[in-house]
Amino acid sequence: MATISNPGFSSGLSGLIPQLVAAERAPGDARFNRIESVATAQISAFGKLTSGLSGLQGTLAKFEGTGASLGRKVAVGADAGFTATASTKAALGSYQISVESLATTHKLQSAALAKDAAGKDAQLGHGSLSITVGDGEAIEVEIAEGKGSLAEIRDAINAKAGGKDVTATLVRGDSGDVLVLASTKTGTDGRMQIGTSGGDGGLDALASSGGTMTVADAGNDARVLIDGITRTSSSNRLDEAIDGITIDLTKAKPGENFPLALTSDASPLKASMLSFISAYNTALSALRTQSASGGESSSGAPLSGDSAPRSITQSLRGAISANYAQLAELGLKTGVDGSLSLDGSKFDTAIAADPEAVQRLLGDEGSLQKPMAAALKSLLGDDGMIKGRTDALNSRLKSLKTERESFDRRISDVEARYTRQFTALDMMVSQMQSTSSFLTQQLSQITQLKQS
């Protein structure tokens with residue numbers, strides 16, 4: 001804040017005002033800075049707790065639904081013409097699969113159109129084209145007069161279709177240019193119908209019925225035999241031909257059967273368990289770090305002495321303790337600091353003997369899932385404790401700003417008061433100096449008169 005000064009102050013007096021104002025301001029500034037620093041540090045600390053606990057909440061959520069069940073390992077015969085993946089709901093077992101044919105893309109091509117006598121692209125005609133793919137909406141393409149070469153028709157179709165449903169391209173052969181239209185959808189669901197109207201009739205050559213278009217690819221469905229059962233599909237991906245299994249067809253091998261076998265796989269469940277342990281340990285570490293006590297040479301953490309971290313830690317450890325016997329059977333161990341670790345070999349053995357063990361602990365109704373998920377929700381929700389504490393701290397900072405502004409105004413008043421007082425003092429000193437000079441002059445004159 002600028003210092004109010006008066007160039008008329010007597011020497012040394014004006015320098016006292018900044019010192020007096022600074023002395024008046026110092027205790028208030030120190031208090032405001034201390035409160036602001038503590039509140040800001042605590043907001044940051046609660047943010048770190050939120051990050052750690054949110055990570056734990058996210059890994060816990062992965063066990064919901066089928067996430068606590070054994071995975072599925074899919075084995076497919078070599079060069080089978082298909083690949084497969086499976087979800088946890090797929091039943092264990094094996095199948096014999098034969099890929100009889102793949103789903104293909106419907107493709108039509110026009111008759112060749114040679115260049116005109118001048119060597120330029122010949123005009124096929126003008127009018128309207130209506131292209132329908134499967135049961136979709138018709139794509140209406142207007143071909144203006146003088147814009148009816150095959151190249152211009154190709155450009156008009158692609159501009160209107162925008163890469164959806166149908167694409168047009170030009171193949172330049174010995175006999176002239178050929179317009180090729182291809183559906184973007186495989187199988188019979190992607191077959192095209194082309195109609196024409198208006199114009200000079202030249203576009204009629206492109207009509208799928210009565211025109212000169214020929215079929216380059218019929219756009220047939222895929223056909224697969226699964227244990228002798230026929231399944232057709234417009235796509236080369238079969239999502240539910242077998243419950244829980246997705247089959248991607250890559251090559252037709254009619255008459256050849258290849259095995260698809262499903263066995264249980266504990267590795268995804270083990271990976272989820274390791275993620276949970278890591279997230280749990282990260283959350284505990286954040287709680288310890290943000291609430292650590294200070295020592296002789298160091299200050300305490302932002303939440304040192306705060307009951308919140310201690311309460312949260314007790315809640316998490318309590319959920320683990322209540323289920324420790326079952327966790328120990330799965331190979332989980334606790335360290336001195338409460339952190340968890342996993343004996344991988346023991347986990348594999350336990351899951352092989354009891355595939356539902358993790359489900360009972362961490363499934364939707366699991367004995368560990370329910371209390372821990374509820375505790376985390378109460379901490380991290382919009383009405384949760386952490387948000388409540390953070391909002392209170394932010395409110396404190398907001399009110400502190402108002403207090404600072406009021407304090408600054410008071411200090412300005414103090415500075416103005418000091419300025420008035422020292423101005424008056426300066427005037428008084430000046431008057432006294434003037435009086436002193438006058439008396440000195442008079443005494444000097446009297447002395448001179450006596451001497452004369």
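The structure presented is a predicted model; accordingly, all values stated were derived computationally and were not measured.

Caption draft 1: Here's a closer look at the sheet that holds strand β12 (residues 229–233). An order of β1-β15-β3-β11-β12 is seen for the five strands of this open sheet, with the pairing classed as antiparallel. Pairing within the sheet leaves two strands with one partner each, and these edge strands are β1 (71–76) and β12. This sheet shows a mean twist of 30° between the axes of neighbouring strands, independent of strand direction. Two elements, strand β11 (residues 222–226) and β12, share five bridges in a ladder whose sense is antiparallel. Its bridge partner being in β12, Leu225 is matched across the sheet by Thr230.

Caption draft 2: Molecular detail of unusual backbone geometry. Positive phi values are uncommon outside glycine, yet Asp79 reaches one of about 50°. Its location among the elements puts Asp79 in the loop between β1 and β2 (82–86). Here Asp165, not a glycine, exhibits a phi torsion of approximately 70°, which is positive. Note on placement: Asp165 falls in the loop between α2 (150–161) and β7 (166–173).

Caption draft 3: Region of the structure containing the sheet that holds strand β9 (residues 192–197). Pairing is antiparallel in the open sheet, where three strands are placed in the order β6-β5-β9. This sheet does not close on itself; its edge strands, each paired only once, are β6 (139–143) and β9. On average, each strand axis in the sheet is tilted by 20° relative to the strand beside it, whichever way the strands run. Of the strand pairs in this sheet, strand β5 (residues 127–133) and β6 are connected by five bridges, and their pairing is antiparallel. Its bridge partner being in β6, Ser128 is matched across the sheet by Glu142. Its contacts with the sheet put α2 on β5 and β6, and the angle it makes with β6 is roughly 145°.

Caption draft 4: Layout of the pattern of salt bridges. Applying the stated criterion to the full structure yields 13 salt bridges. Across the pair Arg389 and Asp306 runs a salt bridge whose closest N-O atoms are separated by 2.5 Å. Of this pair, Arg389 sits in helix α9 (residues 385–451) while Asp306 sits in the loop between α3 (267–290) and α4 (307–322); the two residues are 83 residues apart in sequence, bridging distant segments of the chain. We classify Asp306 as buried; its relative accessible area is 14%.

Definitions and cut-offs
- Residues numbered from 1 in each chain as written.
- Predicted model: local features only at pLDDT ≥ 70, side-chain atom pairs only at ≥ 80, totals over all residues.
- Heavy atoms only, no water.
- Pairing = 2+ DSSP bridges.
- Helix = DSSP H or I, 4+ residues; strand = E, 2+ residues; numbered from the N terminus.
- Axes fitted to C-alpha atoms, helices over the stretch in contact; angles between N-to-C directions.
- Contact = heavy atoms within 4.5 Å.
- Salt bridge = Lys/Arg side-chain N within 4 Å of Asp/Glu carboxyl O.
- Buried < 20%, exposed > 50% of the residue type's maximum accessible area, 1.4 Å probe, protein only.

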